[in-house]
Amino acid sequence: MDRFIIDGPCQIKGSFEVSGAKNEALKLIPLAFCLKSPLKIFNVPDIADIRSQLKIAGDLGAMVEFAANTVSIDATGVERWQITSHAAKKLRASIVYLGPLLARFGQVRCPHPGGCVIGARSIDTHTQAFRDLGIKIEETCDEIYLSFEDVSKLAAEIRLREQSVSATENVLLFLSAIGKKTKVTNCAIEPEIMGLVEALNRAGAKITSSEERSFEVIGSSDLKLEEVKVMADRIEAGTYLIALVASGAQGEVRNFPAETLTGLVDILKDSGANIQVSGDVAKVTSSAELMPFSIETAPYPGFATDLQSPMALIAMRAKGTSTIIENMFENRLEYLKQMQKMGLEVNLISPKKAEITGPCQLKATKVHSLDLRSGITLLLAAALADGTSTLLEAQNIDRGYEKIEEKLQSVGIKIKRVKDD
Ligand code: EPU
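Below is a short write-up of the structure. None of these values were measured; they are calculated from a predicted model.

Let's talk about the overall build of the protein
Secondary structure summary: the protein contains 13 helices and 23 strands in total. For the protein, the proportion of its 421 residues judged to be buried stands at 58%. Restricting the contact set of the protein to residue pairs at least 6 apart, pairs at least 24 apart contribute 72%. Approximately 16700 Å² of the protein is accessible, and the part contributed by carbon and sulfur atoms is 47%.

Spelled out as structure tokens, the structure:
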């Protein structure tokens, strides 16, 4: 595992450039397995999770190339329906191969997915949805096998147990690739899902939404799509916007997906941040004093759980007590114990609720990155802290943030990577 060494406090200044959205690109790769044509995907971030998802595609027999943020994938000749790739254990999004392979082969076998250690994250919403459709499921603690024989016998309507992002995507991919009409209710509606829906519609599926959080899908076994472009990553964009505000700096975030981040911008402005959004650029000018805030995570359009930890940086600067409630994942406030080691005044009221009192100047120390979103938060905290910090398990950050050292160095953060054997 590598380490990052960060010399703080850094004067952050300049322009952040946002990459393509990890959580959309990760689902557009399995989409290729629904198609009767090769697919080119543009604006794909070069990050470890994408490399793992592409490894699974290659191990299944697809022809895959990845260069200059463009993936070329031809899965038309794939004959394998069993995922045996070790890469599948590395990331949660490997579960989204289930729908495409099941639609194509009538059966699929895959290991239980891996991913960040942020909570139990069962795949019950996925299995329950497929079971409700009439799919036969055999599950052991290591793997899961799904099969069906007759499309016409599958259910015409199902309701998801939770508004799960990847379960919604898995089911939409499956239903789009079988020749049948089905309604799905209680869906998640994150922007990345809407990106996938748009791609599926362009490929020849007919997905409409006549009620809130529901999709009617008319699938086709003859989907074709030549090209698709990944949207800008709203979590990366939001994280860099928060970094600028928390550092009291002047700077901008380019490729800023403004329409998906209005909630965050409003909360930051209410706290006293000076932010001007114009087109796809968000400009921050320094603010005198920040005020405390309260946030509570929820499925979109609620406050994104993936932006919850960076908000601790705002709480650190704000004068007074801010409240953070994490409703989605049970272990996603653990990073606050690491920030406490840096001197943050935190009251962890429960595993889901914390109060942070600021303003506070953090001190450098050695911290564990824990997972992707905690990792970037602690990295940015280290950039604002007095002294030289060590951030362990750098690979957690490599999973989701493209060219992290390059991007942070370009805005004045003194960061270097130390490779450990
Ligand atoms: N949940 C609820 N209520 C709901 C919906 C979900 O409590 O109505 C809980 C679930 O029980 C679970 C958590 O929220 O503990 C997330 O559930 P979901 O199934 O939606 O998550 P996912 O599909 O596995 C994706 C992203 C995550 C992101 C979540 C939530 C990908 C590959 N992953 O995960 O991204 O946090 O949606 O938005 O798309 C990340 O990028 O760091 C990351 C973890």
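Here we look at the sheet that holds strand β2 (residues 14-17)
Sheet architecture is open: four strands sit in the order β2-β14-β16-β15, paired in mixed fashion. Taken across any chain shown, the strands that pair with only one partner, and hence form the sheet edges, are β2 and β15 (274-278). Strand-to-strand, the axes of this sheet are offset by a mean angle of 20°, without reference to chain direction. Across the sheet, helix α7 (residues 234-247) touches β2, β14 (251-254), β15 and β16 (281-285), and the angle it forms with β14 is around 180°.

A few points about the side chain of R373
Relative to the elements of secondary structure, R373 occurs in helix α11 (residues 372-384). Of the side chains with opposite charge, D306 lies nearest to the buried R373, which makes no salt bridge, at 4.2 Å. There is a polar contact of 2.7 Å between the side chain of R373 and the side chain of Y401. Sequence-distant contacts of R373, defined by excluding residues within four places in its chain, comprise K22, N23, I235, D306, S309, R332 and Y401.

Re the side chain of S85
By the element assignment, S85 lies in the loop between β5 (70-74) and α3 (98-105). Contact partners of S85, with chain neighbours within four places excluded, come to K55, I56 and D59.

Topic: the sheet that holds strand β8 (residues 143-147)
The strand order across the open sheet built from three strands is β6-β8-β7, with neighbouring strands paired in antiparallel fashion. Both edges of this open sheet fall to β6 (107-111) and β7 (136-139), since each of them pairs with a single strand only. Neighbour to neighbour, the strand axes of the sheet diverge by 10° on average, direction disregarded. Relative to β6, α3 is tilted by about 150°, and along the sheet it contacts β6 and β8. Relative to the sheet, helix α4 (residues 124-133) contacts β7 and β8, its axis offset from that of β7 by approximately 145°.

Describing the site of the ligand
As a structural note, the neighbourhood of the ligand is formed by 21 residues, with R92, S164, S166, D306 and R373 the closest of them. One of the side-chain N or O atoms of N23 is found 3.1 Å from an oxygen atom in the ligand. One of the side-chain nitrogen or oxygen atoms of K27 is found 2.7 Å away from an oxygen atom of the ligand. Computed on the free molecule, the ligand has an accessible area of 830 Å², of which 86% lies beneath the protein chains in the complex. Contributions of two or more residues to the shell around the ligand are made by α1 (22-31), α5 (165-176) and α11. Counting residues per element, the shell around the ligand draws most heavily on α1, at three residues.

A short note on the nonpolar core
Counting residues in hydrophobic clusters, the biggest one holds 75 residues, and the most contacted among them are L31, F33, I41, I73, I135 and F174. Considering every element that reaches this core, the biggest residue donor is helix α6 (residues 191-203), with six residues. Once residues lying within four places of it in the same chain are set aside, the contact partners of F174 are G99, L102, A103, F130, L133, I135, F148 and L154. Core analysis: the second largest hydrophobic core is formed by 73 residues, A315, L336, M339 and C360 among them.

Analysis parameters
- Residues numbered from 1 in each chain as written.
- Predicted model: local features only at pLDDT ≥ 70, side-chain atom pairs only at ≥ 80, totals over all residues.
- Heavy atoms only, no water.
- Helix = DSSP H or I, 4+ residues; strand = E, 2+ residues; numbered from the N terminus.
- Buried < 20%, exposed > 50% of the residue type's maximum accessible area, 1.4 Å probe, protein only.
- Contact = heavy atoms within 4.5 Å.
- Areas by Shrake-Rupley, 256 points an atom, 1.4 Å probe, with all protein chains shown as cover.
- Pairing = 2+ DSSP bridges.
- Axes fitted to C-alpha atoms, helices over the stretch in contact; angles between N-to-C directions.
- Lys, Arg positive; Asp, Glu negative; His and termini not counted.
- Salt bridge = Lys/Arg side-chain N within 4 Å of Asp/Glu carboxyl O.
- Polar contact = N/O pair within 3.5 Å; in protein donor to acceptor, adjacent residues only side chain to side chain.
- Near = heavy atom within 4 Å.
- Core = buried A, V, L, I, M, F, W, Y, C linked by side-chain atoms within 4.5 Å.

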